[in-house]
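Remarks on the overall topology
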There are 2 protein chains.
Amino acid sequence: MSGILLVVSGPSGVGKSTIIEHVIHGDAVGRLCRFSISMTTRAPRAGEIDGEHYFFVDEKAFLRDAEHGMLLEYARYNDHYYGTPAEPVLRSINNGECVILDIETQGMFQVIGRMPEAVTVFVAPPSDAVLEKRLRGRGTEDEERIMKRLEAARLEHEHISKYQYIIINDISDKAAHDLAAIIRAECLKTYRTIFKEVRKQ
Amino acid sequence: MSGILLVVSGPSGVGKSTIIEHVIHGDAVGRLCRFSISMTTRAPRAGEIDGEHYFFVDEKAFLRDAEHGMLLEYARYNDHYYGTPAEPVLRSINNGECVILDIETQGMFQVIGRMPEAVTVFVAPPSDAVLEKRLRGRGTEDEERIMKRLEAARLEHEHISKYQYIIINDISDKAAHDLAAIIRAECLKTYRTIFKEVRKQ
């Protein structure tokens with residue numbers, strides 16, 4: 001494969017989306033990158049477009065795809081399924097693009113089980129205290145939900161050593177540069193470069 | 001090891017030194033980087049300072065160090081020995097620095113034999129024709145010497161797949177950014193980050 005499958009994980013509130021958006025829209029490598037579009041069984045919210053924000057399907061269709069191995073990873077949250085359709089991801093990678101999956105640790109394990117050449121990045125907060133402050137700063141969630149997210153963050157953090165790269169998100173500009181550097185360096189990996197034909201004589 | 005041992009190879013005339021100088025003096029990661037100082041048995045040239053440009057030693061001292069495994073790699077060219085003293089390199093790496101070795105392919109093989117965690121980068125010209133033009137452009141070497149260098153480049157190129165990263169030096173600013181991205185990404189590798197203590201609670 002000449003492109004990159006990039007898995008980005010990290011606790012809710014750590015700033016993954018901001019970092020990824022910075023890279024896609026603000027860095028030279030951004031033109032190579034695109035977000036993977038997930039498939040879900042939950043209903044579209046106002047303004048959400050099928051095929052752009054999500055692929056919206058019913059549970060029967062979702063589970064059929066999952067059974068046939070057509071999803072790189074999937075999980076069930078709050079009574080709905082979410083997953084990553086394999087086909088568009090593989091097509092992009094074969095075109096030399098970098099496809100970014102923003103998924104949880106369990107999803108990462110499913111992805112590397114099927115595609116061990118995936119590049120895995122964990123975005124960590126500088127400390128638990130900073131994460132808590134950020135979650136509270138959003139002002140959108142009640143105490144119970146915040147405590148749940150912090151507990152989930154602690155559990156995810158146990159798997160941090162399974163990721164190839166760690167970015168500490170203290171300053172998000174710096175973190176975006178870090179992610180861009182990882183993508184740029186991965187593009188220079190010999191096995192990818194040789195694939196693209198090293199020397200055009 | 002928390003730092004990086006970075007081996008950069010590539011044919012004479014490809015622009016390795018320019019790229020490395022750009023990174024050391026022009027990029028944020030530059031402050032982490034330093035050139036390794038080689039040991040040699042050749043006499044100092046005008047202006048060369050012992051311990052700054054080279055460690056100048058006699059052949060007896062050089063071969064004693066080589067025998068005692070105190071050199072990461074060494075070779076003989078034009079009746080003189082050149083090598084990389086291990087001790088200062090290891091000290092810098094343990095301090096979290098990135099030590100850059102600008103050495104030939106045979107030296108790279110010696111280095112990874114002793115330190116398989118070294119990061120290896122090959123700087124390739126966009127084509128043989130471009131390399132030839134650059135070598136002639138220097139205007140410092142006769143035809144025989146240029147032919148010798150081109151033959152050496154072809155031989156080195158056979159080992160390109162043994163390097164972890166390949167940078168094509170078409171535009172040297174871009175190549176310097178590539179090298180800086182590799183260093184930055186390598187600093188984010190999990191095993192190095194964990195070494196440096198991931199989270200300061």
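Residues numbered from 1 in each chain as written. Chains lettered and ligands numbered in written order. Predicted model: local features only at pLDDT ≥ 70, side-chain atom pairs only at ≥ 80, totals over all residues. Heavy atoms only, no water.

Describing the sheet that holds strand 4 (residues 54-56) of chain B
Whether parallel or antiparallel, the strands of a sheet pair through hydrogen bonds between backbone atoms. All names here are of chain B. The test is simple: The pairing criterion is simple: DSSP has to find at least two bridges between the two strands. Under the scheme used here, helices are H or I runs from DSSP no shorter than 4 residues and strands are E runs no shorter than 2 residues, and both carry numbers assigned from the N terminus. Geometry is summarised by axes, namely lines fitted to C-alpha atoms with helices restricted to the contacting stretch, and by angles between N-to-C directions that run from 0 to 180 degrees.
The strand order across the open sheet built from four strands is 4-3-6-5, with neighbouring strands paired in mixed fashion. Looking at the sheet topology across the chains shown, the edges are occupied by strand 4 and strand 5 (71-77). When strand polarity is set aside, the average angle formed by the axes of neighbouring strands in this sheet is 25°. The sheet contact formed by strand 3 (residues 38-40) and strand 6 (residues 80-85) spans two bridges and is antiparallel. Bridge pairing in strand 6 links Thr40 to Tyr82.

With respect to the interface of chain A and chain B
Interface size, as often reported, equals the accessible area lost upon joining of the parts. Counted only if it meets this: Whether two residues are in contact is decided by their heavy atoms: any pair within 4.5 Å suffices. When two parts are put together, the accessible area they lose, computed with a 1.4 Å probe and summed over both, is reported as buried area. One side-chain nitrogen of Lys or Arg within 4 Å of one carboxyl oxygen of Asp or Glu is enough to make a salt bridge. By the criterion applied in these results, polar contacts are pairs of N or O atoms within 3.5 Å in which, for protein atoms, one can donate a hydrogen and the other can accept it, and in which residues neighboring in sequence qualify only through two side-chain atoms.
Chain A puts 29 residues into the contact, and the matching count from chain B is 29 residues. Roughly 2,600 Å² is buried in total at the junction of chain A and chain B, and carbon and sulfur atoms are behind 57% of that figure. Where chain A meets chain B, there are two salt bridges. For Asp178 of chain A, the salt bridge is made with Arg184 of chain B, and the minimal N-O distance between the two is 2.7 Å. Joining chain A to chain B, the criterion identifies 12 residue pairs in polar contact (both at pLDDT 80 or more). Contributing elements (two or more residues each) for the side of chain A that touches chain B: strand 9 (165-168), helix 7 (172-187) and helix 8 (190-195) of chain A.

Things to note about the relation of the copies chain A and chain B
What counts, and what does not: Each copy is superposed on the other by least squares, with the fit set by C-alpha atoms of residues at a pLDDT of at least 70 in both.
For these two chains of identical sequence, chain A goes onto chain B by a turn of 180° and a shift of 0.0 Å along the axis, with RMSD 0.0 Å. Here the symmetry operator amounts to a two-fold rotation axis. Closest approach to the rotation axis among the C-alpha atoms of chain A is made by Ala181 of chain A, whose C-alpha sits 2.2 Å away.

Some points on the confidence of the model for chain A
Residue and element names in this part refer to chain A. Our working definition: Along the chain, pLDDT gives the predictor's confidence residue by residue, from 0 to 100.
Mean pLDDT for chain A: 90, with 96% of residues reaching 70 or above. Predicted confidence is poor over residues 197-201, with pLDDT under 50, and the contacts of this stretch with residues over four places away or in other chains come to 14 contacts. Per the prediction output, this complex has pTM 0.88; the corresponding ipTM is 0.84.

What to know about the pairing of strand 7 (residues 98-102) of chain B
All names here are of chain B. Filter applied, for reference: Per-residue accessibility, obtained with a 1.4 Å probe over protein chains only, is compared with the maximum for each type, and a residue is labelled buried under 20%, exposed over 50%, and partly exposed between these values.
With four of five residues buried, strand 7 lies mostly within the body of the structure. Relative to strand 7, strand 2 (residues 33-35) is paired through three bridges, and the arrangement is parallel. Across the sheet, residue Phe35 finds its bridge partner in strand 7, namely Ile100.

Comments concerning helix 1 (residues 16-26) of chain A
Residues and elements named next belong to chain A. Put simply, the test is: The directions from the helix axis to the C-beta atoms form the arc being described.
Of all the residues in helix 1, the buried ones are Lys16, Ile19, Ile20, Val23 and Ile24. Viewed end-on, helix 1 has its buried residues packed into an arc of 130°, placing them on one side of the element. Seen from the buried face of helix 1, the exposed residues on the opposite side, beyond 90 degrees, are His25 and Gly26.

Thoughts on the pattern of salt bridges
Tallying each qualifying case throughout the model produces 26 salt bridges over all chains. Between Glu97 of chain A and Arg34 of chain A there is a salt bridge, and its shortest N-O distance comes to 3.8 Å. Of this pair, Glu97 of chain A sits in the loop between helix 3 (86-94) and strand 7 (98-102) while Arg34 of chain A sits in strand 2 (residues 33-35), and the two are 63 residues apart along the sequence. Between Asp79 of chain B and Arg76 of chain B there is a salt bridge, and its shortest N-O distance comes to 3.9 Å.

Some remarks on the sheet that holds strand 5 (residues 71-77) of chain A
Residues and elements named next belong to chain A. Spatially, four strands are ordered 4-3-6-5 in an open sheet, and the strand pairing comes out mixed. Each end of this open sheet is capped by a strand with a single partner; those strands are strand 4 (54-56) and strand 5. Neighbour to neighbour, the strand axes of the sheet diverge by 25° on average, direction disregarded. Two elements, strand 5 and strand 6 (residues 80-85), share six bridges in a ladder whose sense is antiparallel. Bridged to Leu71 within strand 6 is Pro85.

As for the packing of aromatic side chains
Selection rule: Within 6.5 Å between ring centres, the rings of Phe, Tyr and Trp (the latter by its six-membered ring) count as paired, and their orientation is classed by plane angle as stacked under 30 degrees, edge-to-face over 60, tilted in between.
Summed over the entire model, instances satisfying the criterion amount to 13 aromatic pairs over all chains. A centroid spacing of 5.8 Å and a plane angle of 55° characterise the contact between Tyr77 of chain B and Tyr82 of chain B, whose relative ring orientation is tilted. Tyr77 of chain B gets classed as partly exposed once you look at its relative accessible area, which sits at 33%. An aromatic cluster is defined as three or more aromatic residues linked by ring pairs; in this entry it consists of Tyr54, Phe56, Tyr77 and Tyr82 of chain A.

Notes on the nonpolar core
As a reminder of what qualifies: Definition of nonpolar core: a set of buried residues of the types Ala, Val, Leu, Ile, Met, Phe, Trp, Tyr and Cys, connected through side-chain atoms within 4.5 Å.
Leu6, Leu179 and Ile183 of chain A together with Leu6, Leu179 and Ile183 of chain B are the most contacted members of the largest nonpolar core, which totals 62 residues. Aside from chain neighbours lying at most four places away, what touches Leu179 of chain B is Leu6, Val8, Ile19, Ile20, Val23, Val121 and Ile167 of chain B. If you look at the next biggest cluster of nonpolar residues, it comprises 19 residues, including Leu5, Met115, Ile160 and Ile168 of chain B.

Let's talk about the layout of surface pockets
Just so we agree on the cut-off: Throughout, the protein atoms alone are placed on a 1 Å grid, and a set of points is a cavity if a 1.4 Å probe fits but cannot get out or a pocket if it is open with protein on both sides within 12 Å along at least five of seven lines; lining residues have an atom within 4 Å of a point. Grid points are joined across faces, edges and corners, and a volume is the space filled by probe spheres set on the points. Side-chain classes follow a simple rule in which Ala, Val, Leu, Ile, Met, Phe, Trp, Tyr, Cys and Pro form the nonpolar group, Asp, Glu, Lys and Arg form the charged group, and the remainder, Gly included, forms the polar group.
Of the voids in this model, the largest pocket is the one considered here, and its volume is about 1,800 Å³. Looking at the lining of the largest pocket, the elements with two or more residues in it are helix 1, strand 5, strand 6, strand 7, helix 4 (105-114) and helix 6 (143-157) of chain A. Considering each element in turn, the lining of the largest pocket owes the most residues, seven residues, to helix 6 of chain A. There is about 1,600 Å³ of room inside the second largest pocket. Contributing elements (two or more residues each) for the lining of the second largest pocket: helix 1 (16-26), strand 5, strand 6, strand 7 and helix 6 (143-157) of chain B. Of the residues forming the lining of the second largest pocket, the biggest block, six residues, is contributed by helix 6 of chain B. Of the residues in the lining of the second largest pocket, the class split is 13 nonpolar, 12 polar and 12 charged.

Remarks on the state of the cysteines
Residue and element names in this part refer to chain A. Formally: Only a pair of cysteine sulfur atoms within 2.5 Å qualifies as a disulfide here.
Enumeration according to the criterion identifies zero disulfides over all chains in this entry. Cys187 forms no disulfide, and the closest cysteine sulfur to it belongs to Cys98, at a distance of 6.8 Å. Overall, Cys187 belongs to the buried group, its relative accessible area being 19%.

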